[in-house]
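Tertiary structure, described
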Amino acid sequence: MIELIKSDLKKYLSLDRYNHTIRVSETAIELARIYNENVEDATIAALLHDYVKCLDKKHYREIIRKNNLKIDSVIEKNIGLAHGLISAYFAKEKYKIENMDILNAIEYHTYGRPDMSTLEKIIYLADYIEPGRTFDGVDDIREMAKKNLNKAMIMALESSMDYVKSMGKEVHPLSIQALIFMQKEV
Ligand SMILES: [Fe+2]
Ligand SMILES: [Fe+2]
């Protein structure tokens, strides 16, 4: 399965996106070992998280409509946010992945959500801190990710929401809810 997905990724992703995906999978494996999560599940979720990222955005609405996928008004306005949802759809339909934890980790890796599972947090963070990321503060989140997953999630959500706002875009309400939820948990 993992080798099949990797060879497909070479066809569907740009070299930059492929290399990012491999780094996300390596980071996810490292975190899965620390937090006693299934390494194979983490690898599969990481490999498929950006599966449709290189697909032309005009196809997103078509796939959403044809397959009756549900999107909210924020995603409607910023359709790129649907790449997790659509990648999860392909994981299920093309690779026959039924494990909801893997599918959710793929779907919610961009904006998060309240009450995330350990695997969901691992994929969200691995995407955020893989070695190719260079933004201010990334090293602090990298260090925290190895010590406390929830605290690292708070740092990553805050940083990501600041970035979205600085780009003049609307923060997804699930990110805000995720942050409030995790602040209560730690
Ligand atoms: Fe992504
Ligand atoms: Fe990514």
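For the chain, the helix and strand inventory stands at 11 helices and 0 strands. Reading the chain from its N end, one meets helices and strands in the order α-α-α-α-α-α-α-α-α-α-α. Each of the three principal axes of the chain carries a C-alpha extent, and together these read 40 × 35 × 30 Å. Put simply, the chain has 186 residues, and 49% of those count as buried. Residue pairs at least 24 apart in sequence account for 61% of intrachain contacts in the chain once pairs closer than 6 positions are excluded. Here the chain contributes 27 positively and 29 negatively charged side chains, and the mean placements of these two sets differ by 4 Å.

What follows covers the pattern of salt bridges. Scanning the model with the defined rule gives 13 salt bridges in all. One salt bridge connects Asp-56 with Lys-58, and the closest N-O pair in it is separated by 4.0 Å. The class of Lys-58 is exposed, set by a relative accessible area of 60%. A salt bridge links Glu-76 to Arg-61; the nearest nitrogen and oxygen atoms lie 2.7 Å apart. Remark: Arg-61 occurs in helix α4 (residues 58-66) and Glu-76 occurs in helix α5 (residues 73-77); sequence separation between them is 15 residues.

What follows covers the coordination of the iron ion (ligand 2). For the iron ion (ligand 2), the full set of protein donor atoms is His-20 (NE2), His-49 (NE2), Asp-50 (OD) and Asp-127 (OD), at a range of 2.2 Å. Coordination of the iron ion (ligand 2) draws on donor residues from a single chain, spaced H-x28-H-D-x76-D in sequence. A distance of 3.5 Å spans the gap from the iron ion (ligand 2) to the iron ion (ligand 1), which Asp-50 bridges by coordinating each metal. Within this pair, whereas His-49 is found in the loop between α3 (39-48) and α4, its partner Asp-127 is found in helix α8 (residues 118-129), the two being separated by 78 residues in sequence. Assigned by exposure class, His-49 and Asp-127 land together as buried.

Six octahedral donors around a metal ideally make angles of 90 or 180 degrees; four tetrahedral donors ideally make 109.5 degrees. All of the protein donors around the iron ion (ligand 1) are Asp-50 (OD), His-83 (NE2) and His-109 (NE2); their distances to the metal are 2.1 Å. Here the donor residues for the iron ion (ligand 1) map to a single chain with the spacing D-x32-H-x25-H.

On to the nonpolar core, then. Across soluble globular proteins, you tend to see nonpolar side chains buried next to one another. Ranked by size, the top nonpolar core spans 62 residues in total, and within it Leu-48, Ile-86, Ile-97 and Leu-125 carry the most contacts. Contacts of Ile-86, omitting those with residues within four sequence positions, involve Val-52, Tyr-60, Ile-63, Ile-64 and Leu-69.

Applying the stated criterion to the full structure yields 7 aromatic pairs. Judged by centre distance (5.6 Å) and plane angle (75°), the rings of Tyr-89 and Phe-90 are edge-to-face. With a relative accessible area of 22%, Phe-90 lands in the partly exposed category. Aromatic pair Tyr-108 and Tyr-111: ring centres 6.3 Å apart, planes at 80°, arrangement edge-to-face. Pair check on accessibility: Tyr-108 and Tyr-111 agree, each one buried. Counting every residue linked through ring pairs, the aromatic cluster contains Tyr-12, Tyr-51, Tyr-89, Phe-90 and Tyr-95.

About the criteria used
- Throughout, a residue's number is its position along its own chain's written sequence, starting from 1.
- Chain labels run from A onward and ligand labels from 1 onward, assigned in the order the entries are written.
- Only residues with pLDDT of at least 70 are given local features in this predicted model, and only at 80 or more are side-chain atom pairs given and counted; all residues enter the totals for whole chains, interfaces and linings.
- Here the side-chain values reflect all heavy atoms present in the structure, with hydrogen atoms and water set aside.
- Going along the chain from the N terminus, every DSSP run of H or I of four or more residues is numbered as a helix, and every run of E of two or more is numbered as a strand.
- Buried residues are those whose accessible area, probed at 1.4 Å on protein chains only, stays under 20% of the maximum for their type, while exposed residues exceed 50% and partly exposed ones sit between those limits.
- Throughout, a contact is declared for two residues whenever any of their heavy atoms are within 4.5 Å.
- His is not counted here, nor are the chain ends, while Lys and Arg score as positive and Asp and Glu score as negative.
- Working definition for charges: the position is that of NZ of Lys, CZ of Arg, CG of Asp or CD of Glu.
- Salt bridges are counted wherever a side-chain nitrogen of Lys or Arg sits within 4 Å of a carboxyl oxygen of Asp or Glu.
- Water is not among the atoms examined, so metal sites may look incomplete; donors are the N, O and S atoms within 2.8 Å of the metal, or within 3.2 Å for Na, K and Ca.
- Side-chain atoms within 4.5 Å link the members of a nonpolar core, which is a set of buried Ala, Val, Leu, Ile, Met, Phe, Trp, Tyr and Cys residues.
- By convention, a stacked pair of Phe, Tyr or Trp rings (six-membered ring in the case of Trp) has centres within 6.5 Å and planes under 30 degrees apart, an edge-to-face pair has planes over 60 apart, and any other such pair is tilted.

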